[in-house]
Amino acid sequence: MNQPISLTLAQKAGPKLTLGIGAVVLAILIILPLLHLLPADNSLQVSAYTLTLVGKILCYAIVALALDLVWGYAGLLSLGHGLFFALGGYAMGMYLMRESAGDGLPAFMVFLSWTELPWYWTGTQHFLWALCLVVLAPGLLALVFGFFAFRSRIKGVYFSIMTQALTFAGMLLFFRNETGFGGNNGFTNFRTILGFDITAQGTRTALFLAIVALLTCSLLLGWRLAKSKFGRVLTALRDAENRLMFCGYDPRGYKLFIWVLSAVLCGLAGALYVPLVGIINPSEMSPTNSIEAAVWVALGGRGSLIGPILGAGIVNGMKSWFTVAFPEYWLFALGALFIVVTLYLPKGVIGLLRKKGEQ
Amino acid sequence: MRATPVPEFMLEPAYDPNSDAGTSRDSLGLGRAAGAGLDVRHGTILTLEDINVSFDGFKALTNLSLYIGVGELRCIIGPNGAGKTTMMDVITGKTRPDNGKAYFGETLDLTRMSEVQIAQSGIGRKFQKPTVFEALSVFENLELALKTDKSVWASLRAKLSGEQRDRIDEVLSTIKLESSRHRTAGLLSHGQKQFLEIGMLLMQDPQLLLLDEPVAGMTDAETEFTAELFKSLARKHSLMVVEHDMGFVGSIADHVTVLHQGSVLAEGSLADVQADERVIEVYLGR
Amino acid sequence: MPTALLRLFPIFTLLLSLLAPHAQAGDAADFVAANPAKQATLLETWSAHPDAARLPLIEALQKGRLASDSNKAPFIQTDTGWQAAEGGDAQPASEPKKLPLNNRLRGLVGTAQASHQLLAKEPAVRLAAAQQLQKSAKPAQLQLLNARVASEDDDAVRDALSLALANLQLIDPDPAIRLAAVRLLGETGDPLARTRLETLLDPAVETDAGVRTAAETSLAQVKRRLLMGELLGQAFSGLSLGSILLLAALGLAITFGLLGVINMAHGEMLMLGAYSTYMVQILFQRFAPDALALYPLVALPVAFFVTAAIGMALERTVIRHLYGRPLETLLATWGISLILIQLVRVLFGAQNVEVANPAWLSGGVQVLPNLVLPYSRMVIIGFALFVVVLTWLLLNKTRLGLNVRAVTQNRNMAACCGVPTGRVDMLAFGLGSGIAGLGGVALSQIGNVGPDLGQSYIIDSFLVVVLGGVGQLAGSVMAAFGLGIANKILEPQIGAVLGKILILALIILFIQKRPQGLFALKGRVID
């Protein structure tokens, strides 16, 4: 783990080029949803399917970025980020379920012949409270788990295993009907968000733009963090935790801060993902999903900010192509990707690009 | 069992630079450790008494007692396995002694403080194997070591003042790494890393420096330079140097302690110690 | 009731049947001729006065094989054709029509069958019959039951019969008889008696206050007896789960603890072991059906070598390049596990395959009325311990074990001493995988065998290794059984899922207390 970390392409390939590419990509991402608003017979119209797919991948890119902050910078590989993502999604889903149920109970509760809402559903009909939950649920869970984990100096693979067990436990919990989150089926059949039809072109466009905004903000935040002394302390922590402690830094606070921040980012991504895709269920918490996020980051390049976003795009692009063209072989391809990346691409795609840039 | 005192939660910036009358920088807000600076009324900066440490039945330290005076430069010698590194582990809180007393100054009980608290109260340590932050540049390494508020919030907003920049430059020139200031530390040679680590200690400005084999891998000229550096540090700081290089020890030490099988075998000037029959027997050889 | 007469009663029936052979010769004909009401009466009479000779008729009724031709002559359908129900070799006059039975009659047939089976020679059949009667006995059978209780010589059957009798007496109009029955129930340790007694606590069901009080006392007694069985049952299933966790985690303890490799494909080694068992079973079915019962024994070495070979191949091709980078091994082996799962799906289909227990592994020992210890689980507990001992011997008493430990402690030094580290790594990894394959054989005997089999064990196994302390066999054993028993004790109290979550929380809290004991070697090791 001693490859020099560089913040983005910006430092090596010249800020102008990177900023230029970034601006073009951002412009495309802003124009794309606007094209969706065109009438369906227009040849430039972007279909709802494409928009949803790209939006989904952008949500995953935020997750990848969040995971990179803890893994690439602080050296903590979390295999449980799917849990935070899903918690944010569920918090938003609660609001959406309440909206579509009106004054009554959400459909799955009626089905279970419940007569009143569980206490933790209180206030979820208010969008603002749902937003608070989106931040609080993953944030508090990460805070509590992180506090205990970092206090007993769990790191490396032990940390990974514990986080994987955590998301596994969460999945089991949410599979139960009694937990009050729709069990197996989770939440679906949303109708409106803030009174707007959730499948309307306008709503979809707005959601997409919100996702683009969140990704941009996360990127800027990550960039600021990486440039600050805080970022340097994290890198130091990753490479020589003991040295850092003898320098008088308490690693726990640093780890906890970045860990909770990363969890909250995931929660926000999940909260935007759910209304766009229209469903959230416990399988989002399965360990498989979380570990797949790790391969996005590894493929893109750890310890850079653009890398994970690229990685999420490449893997999910491949996935949507494979699952249509060769559904049988997707898992082979994904498995091979895991192996190839760890064996031959330790610095990821971004490392390759950088090498090319230097030549 | 590790009886770590539970520190206050560390996110809030409990540290107020103005209230810091002495040397103990306590960003954890532990009132006990903060006090009014280090109490060295009796001229002793480090007190170890009857320390015992055992690992799974193996006794690494047996009834070790050792005192370091303020401003003293003490050399510790002894054969491999004598317990030198374990002793440093005890002082820095990495290993908890089974029993015995370890005090920094008159009041700070090292056995009840965490590693971070100990580092913040003014004990700096250089590891046997040079340990620097390899992914960061030389300048950034020194910046991180700089004596300042080290809480999370402070780091998020930290900006180097001109004064701090000057201080880093000063240390850079002391350790002769000015030309490598932007090089990645991982690319430095072994000797340069040693110097960088010493430089980081200087940035920390601790009252007591623990140096584990600081000149291993250095050229003669570098060794000589290091000796001068340490001598200039003594008096203002207290130093404890573990070293096998007897030439180096001879050039810096006014006082030498010989460890053997986890306890002090002999103590005195280098000449006295070198004349001691038992020391010759176990360490120096005939 | 005069007991002497009761004792004579079966003999009396026997005599009757001997003296009047065609008294039953007409049974089938009577039944065929009767209307449903009359049929019910007939069945009730037969239940009260069972006769061994009537058993074929009742069994035919029970299987719905009794029919009649156009002459109302009764016939029983056999696998090959029709046989006259009254004996002889009469042929049906026309294609016989099967007798329709309504639900009430079907219930009565069941009762009649049970009371006839009470006369059977095998205690097991009698026991089953008595247990059937506990649920379905009719008041008319009171005398019969009394007689059988008195003459029964097998303790278990007599207890079961007493219970059936008591069940009948509970609805007797005489409170004294009910009281006696309640007391009798109090002496059993049967879950059925508990439910029966619980209903009696309701004043609407039991009008007599004395009987209600007695029922309460008896209930307490029954519950106490049942509790014992429940606790033992939980402890046993805890041991059983623990032994499975142990088999799953042991190989992991080797690859993780000794080689420092996080093998996420370890679960798939279990899966491959189970599929090897399946293949061995198929081969036996095809080529040696007579020796089918022995297939698990043959499957053990086959599974071991198959998984060990796959493990060694993986070690040489992928894992070898990743030593010292545990997080990378985690990702790469996860990729391997995806490929293996998909491969098995493509080869064997996504559905579970059927692996049948051989006869010697099915069934179990009934220790208490509510506690049956299945043979398969007992064998697996023993097997797990056997594998642990074997592994310990292998690691501590052989040259290979010495080499493995040497490489673990100081790879460079070992290499300098001429230990072929590459070969040792490969063998150690193969050993870990092979043990997982053995675990897979065991798992195939108690659970479903499907492509996802390994996934459900991998997290638990890692928790065992983490909790037990890395590189310590004894720790793994303790942790596996501890986790297993804790799981099974928590399960009935708060449910399986909450139990698992609670255990995870407990593990996290536990390592707060003992971090270095579990996570790091003690000593002056710095980074």
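The structure displayed is predicted, hence computed values, not measured ones.

**Quick word on the overall build of chain B**
Regarding its fold elements, chain B presents eleven helices and ten strands. Taken across its 286 residues, chain B has 49% of its residues classed as buried. The long-range fraction of contacts in chain B, counting pairs at least 24 apart against all pairs at least 6 apart in sequence, stands at 65%.

**Details of the overall build of chain A**
A tally of helices and strands in chain A yields 15 helices and four strands. For chain A, the C-alpha radius of gyration of 21 Å lies close to 21 Å, the compact-globule estimate for 359 residues. Over its C-alpha atoms, taken along the principal directions, chain A stretches across nearly 60 × 55 × 40 Å.

**Notes on the nonpolar core**
Within the largest apolar cluster, 282 residues are counted, with the highest numbers of intra-cluster contacts made by Val-63 and Ala-64 of chain A. If sequence neighbours within four positions are ignored, Ala-64 of chain A has contacts with Ala-293, Trp-296, Val-297, Gly-300, Pro-308, Ile-309, Gly-311 and Ala-312 of chain A. Among the nonpolar cores identified, the runner-up in size contains 33 residues, and Ala-137, Leu-161, Leu-165 and Ala-215 of chain C belong to it.

**Re the interface of chain A and chain C**
In this assembly, 36 residues from chain A lie in contact with 33 residues from chain C. Put simply, the parts of the chain that give the side of chain A that touches chain C at least two residues each are α6 (127-151), α7 (156-175), α12 (287-300) and α14 (330-344) of chain A. A total of twelve residues in the side of chain A that touches chain C trace back to one element, the largest contributor, which is α7 of chain A. Partitioning the side of chain A that touches chain C into residue classes produces 25 nonpolar, seven polar and four charged.

**Points about the sheet that holds strand β1 (residues 66-68) of chain C**
Residue and element names in this part refer to chain C. Taken together, four strands build an open sheet; the order of strands is β3-β2-β1-β4 and the sheet is antiparallel. Among the strands making up the open sheet, the edge pair consists of β3 (82-84) and β4 (97-98). Sheet analysis places β1 next to strand β2 (residues 74-77), joined by three bridges and oriented antiparallel. Along β2, the bridge assignment pairs Leu-66 with Ile-76.

**Quick look at the sheet that holds strand β10 (residues 263-268) of chain B**
Residue and element names in this part refer to chain B. Taking strand neighbours across the sheet as the criterion, the six strands line up as β6-β7-β8-β3-β9-β10 in an open arrangement whose pairing is mixed. Pairing within the sheet leaves two strands with one partner each, and these edge strands are β6 (123-126) and β10. On average, each strand axis in the sheet is tilted by 20 degrees relative to the strand beside it, whichever way the strands run. By the bridge criterion, four bridges tie β6 to strand β7 (residues 208-212) in an arrangement that is parallel. Paired with Ile-123 across the two strands is Leu-208, which belongs to β7. Relative to the sheet, helix α2 (residues 84-91) contacts β3 (73-77), β6, β7, β8 (238-242) and β9 (255-260), its axis offset from that of β7 by approximately 150 degrees.

**Describing the UniProt feature "transmembrane region" (unreviewed entry) in chain A**
Residue and element names in this part refer to chain A. Here the UniProt-annotated "transmembrane region" (unreviewed entry) positions come out as residues 20-39, 46-67, 73-92, 127-150, 157-175, 206-226, 256-280 and 329-346. The span residues 73-92 is 65% helical and 0% strand by assignment, and the distance between its end C-alpha atoms comes to 29 Å. The annotated region residues 206-226 carries 100% helix and 0% strand content, and the separation between its end C-alpha atoms amounts to 30 Å.

**Concerning helix α16 (residues 375-397) of chain C**
Residue and element names in this part refer to chain C. In a regular helix each residue adds 1.5 Å, so 23 residues correspond to 33 Å; α16 covers 32 Å between its end C-alpha atoms and thus fits that length. For α16, every residue scored as buried is listed here: Arg-377, Ile-380, Ala-384, Val-387, Val-388 and Thr-391. In the core, the buried residues of α16 are packed alongside α12 (209-257), β6 (371-374), α19 (421-446) and α21 (473-494).

**Brief notes about the packing of α12 of chain C against helix α20 (residues 455-468) of chain C**
Residue and element names in this part refer to chain C. At a closest axis distance of 8 Å, the pairing of α12 and α20 adopts a crossing angle of 65 degrees. As for the relative orientation of α12 and α20, their crossing is right-handed in sense. For the pair α12 and α20, contact is made by Leu-245, Ala-248, Ala-249, Leu-252, Ala-253, Phe-256 and Gly-257 and by Tyr-457, Asp-460, Ser-461, Phe-462, Val-464 and Val-465, respectively.

**Concerning the environment of Lys-231 of chain B**
Within the fold, Lys-231 of chain B resides in helix α8 (residues 220-233). Here the alpha-carbon distance between Lys-231 of chain B and Glu-72 of chain B, two residues 159 residues apart in the chain, equals 9.8 Å.

**Quick notes on the interface of chain B and chain A**
With 30 residues of chain B at the contact, the number on the chain A side is 24 residues. Counting residues per element, the ones that place at least two in the side of chain B that touches chain A are α3 (115-121), β6, α4 (138-145), α5 (152-157) and α7 (190-204) of chain B. Counting residues per element, the side of chain B that touches chain A draws most heavily on α3 of chain B, which supplies four residues. Residue composition of the side of chain B that touches chain A, grouped by class: 15 nonpolar, nine polar and six charged.

**What about helix α3 (residues 48-73) of chain A?**
Residues and elements named next belong to chain A. Compared with the 38 Å implied by 1.5 Å per residue over 26 residues, the 36 Å span of α3 between its first and last C-alpha is a close match. At Leu-67, α3 shows its strongest bend, of approximately 30 degrees. In terms of residue burial, α3 counts as a mostly covered element, since 20 of its 26 residues are buried. Backbone geometry just after α3 places Gly-75 at a positive phi near 75 degrees.

**Concerning the confidence of the model for chain B**
Residue and element names in this part refer to chain B. This prediction gives chain B a mean pLDDT of 80; 86% of its residues lie at or above 70. Element-level pLDDT for chain B is lowest in helix α1 (residues 31-34), with a mean of 32, against a maximum mean of 92 in α4. Confidence over residues 1-36 falls short of pLDDT 50; this stretch has 70 contacts with residues more than four positions distant or in other chains.

**Digging into the pairing of strand β1 (residues 44-55) of chain B**
Residues and elements named next belong to chain B. When β1 meets strand β2 (residues 58-69), the two strands line up antiparallel, connected through eight bridges. Considered in β2, the bridge of Thr-44 is made with Gly-69. In sequence, β1 turns back onto β2 through a hairpin of two residues, with Asp-56 there showing a positive phi of about 45 degrees. Alignment of β1 against strand β4 (residues 99-104), held across five bridges, turns out to be antiparallel. Residue pairing across strands places Leu-48 opposite Ala-102, the latter belonging to β4.

**Observations concerning unusual backbone geometry**
Despite not being glycine, Ser-113 of chain A has its phi angle at roughly 50 degrees, a positive value. Examined against the element boundaries, Ser-113 of chain A turns out to sit in the loop between α5 (107-111) and α6. The exposure class of Ser-113 of chain A is exposed, given the 7 C-beta atoms found within 10 Å. In this structure, Glu-213 of chain B is a non-glycine residue whose phi angle is positive, near 45 degrees. When you line up the elements, Glu-213 of chain B lands in the loop between β7 and α8. By C-beta crowding, Glu-213 of chain B is classed as buried, having 20 other C-beta atoms within 10 Å.

**Notes on the environment of Pro-118 of chain A**
With respect to the secondary-structure elements, Pro-118 of chain A resides in the loop between α5 and α6. Here the alpha-carbon distance between Pro-118 of chain A and Gly-180 of chain A, two residues 62 residues apart in the chain, equals 7.1 Å.

**Re the packing of helix α5 (residues 55-62) of chain C against helix α6 (residues 103-117) of chain C**
Residues and elements named next belong to chain C. At a minimum axis separation of 9 Å, α5 and α6 run at an interaxial angle of 145 degrees. By crossing handedness, the relation of α5 to α6 is classed as left-handed. Across the interface between the two elements, Leu-55, Ile-58, Glu-59, Leu-61 and Gln-62 of α5 pack against Val-109, Gly-110, Ala-112, Gln-113 and His-116 of α6. The class makeup of the residues in the contact of α5 with α6 is five nonpolar, four polar and one charged.

**Here we look at the confidence of the model for chain A**
Residues and elements named next belong to chain A. Across chain A, pLDDT averages 89, with 96% of residues at or above 70. Within chain A, helix α1 (residues 9-13) has the poorest average pLDDT of any element, 46, and helix α11 (residues 251-277) the best, 95. Every residue in residues 1-12 is under pLDDT 50, and counting partners more than four places away or in other chains gives 32 contacts.

**Observations regarding the environment of Ile-336 of chain C**
Relative to the assigned elements, Ile-336 of chain C resides in helix α15 (residues 326-348). Non-local contacts of Ile-336 of chain C, meaning those with residues more than four positions away in its chain, are made with Gly-335 and Ile-339 of chain A together with Ala-265, Leu-314 and Val-318 of chain C.

About the thresholds
- Residues numbered from 1 in each chain as written.
- Chains lettered and ligands numbered in written order.
- Predicted model: local features only at pLDDT ≥ 70, side-chain atom pairs only at ≥ 80, totals over all residues.
- Helix = DSSP H or I, 4+ residues; strand = E, 2+ residues; numbered from the N terminus.
- Buried ≥ 20, exposed ≤ 12 C-beta atoms within 10 Å, placed from the backbone.
- Contact = placed C-beta atoms within 7 Å.
- Rg over C-alpha atoms; globule rule 2.2 N^0.38 Å.
- Core = buried A, V, L, I, M, F, W, Y, C linked by C-beta atoms within 7 Å.
- Nonpolar A, V, L, I, M, F, W, Y, C, P; charged D, E, K, R; others polar.
- Pairing = 2+ DSSP bridges.
- Axes fitted to C-alpha atoms, helices over the stretch in contact; angles between N-to-C directions.
- UniProt positions renumbered as here; feature names shortened; annotations may be inferred.
- Expected span 1.5 Å × (residues − 1).
- Left-handed = near helix turned anticlockwise from the far one by under 90°.
- Bend = angle between axes of the 7 residues up to and from the residue.
- pLDDT = per-residue confidence, 0-100.

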